[in-house]
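# Overview (structure and organization)
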Amino acid sequence: MPAKPITDFEVAATGNQRFSSAAFRGHPYILYFYPKDDTPGCTVEGAQFAALHKDFIKAGYMVFGVSRDSVASHEKFKAKFNFPFDLLSDSAEVMCKTFDVIKEKNMYGKKVFGIERSTFVIGPGGDIIKEWRGVKADGHAQAVLDALKSV
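All values reported here derive from a predicted model rather than from experimental measurement.

### Here's the deal with the sheet that holds strand E4 (residues 29–33)
Strand order in this open sheet of eight strands is E1-E10-E9-E4-E5-E6-E2-E3, and the pairing throughout is mixed. Every interior strand has two partners, whereas the edge strands, strand E1 (4–5) and strand E3 (17–20), have only one. Both E4 and strand E9 (residues 118–122) contribute to a ladder of five bridges, which runs antiparallel. Across the sheet, the residue bridging to Tyr29 is Ile122, located in E9. Contacts from helix H1 (residues 40–51) reach E4, strand E5 (62–67) and E9, with the element oriented near 165° to E4.

Below, the structure written as structure tokens:
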């Protein structure tokens, strides 16, 4: 896949911080988008990224989880499951629009718009160098780590 440039963005993050894509230029990282804090699939996915966190760091990649939940919600979710990485709050859907992850879903027969579980590897130049869309939570973190060997 050819690298796809992204527009710069800045959002609130856990730890009373701001995340700026421009500040990460020169440093590769992973963004995994998930629908909602403290739900079964999102917890499985987060726990698996957490379990492999040292391997991602060793490979040279920082990991960030992203959802539309508030920073306060993220802080509780991160603390409850001891995630070693920051969660980014995209309540204004700035990142969701940049990465085109808002999709129509069917919830109990009702059509709603929500985040499609997706992951992006951002290279040192600030471009998307690998992406997954519509992923299943279980086993996905390992698949991302395995794919980094070919990036």
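Further notes follow.
### A closer look at the environment of Ala23
Mapped onto the secondary structure, Ala23 falls in the loop between E3 and E4. C-alpha of Ala23 to C-alpha of Ile129: the two residues are 106 residues apart in sequence and 18 Å apart in space.

### With respect to the environment of Ala47
With respect to the helices and strands, Ala47 occurs in helix H1. Since its relative accessible area comes to 36%, Ala47 is described here as partly exposed. The spatial distance from the C-alpha of Ala47 to the C-alpha of Pro84 is 9.8 Å, given a sequence separation of 37 residues.

How each quantity is defined
Residues numbered from 1 in each chain as written. Predicted model: local features only at pLDDT ≥ 70, side-chain atom pairs only at ≥ 80, totals over all residues. Heavy atoms only, no water. Pairing = 2+ DSSP bridges. Helix = DSSP H or I, 4+ residues; strand = E, 2+ residues; numbered from the N terminus. Contact = heavy atoms within 4.5 Å. Axes fitted to C-alpha atoms, helices over the stretch in contact; angles between N-to-C directions. Buried < 20%, exposed > 50% of the residue type's maximum accessible area, 1.4 Å probe, protein only.

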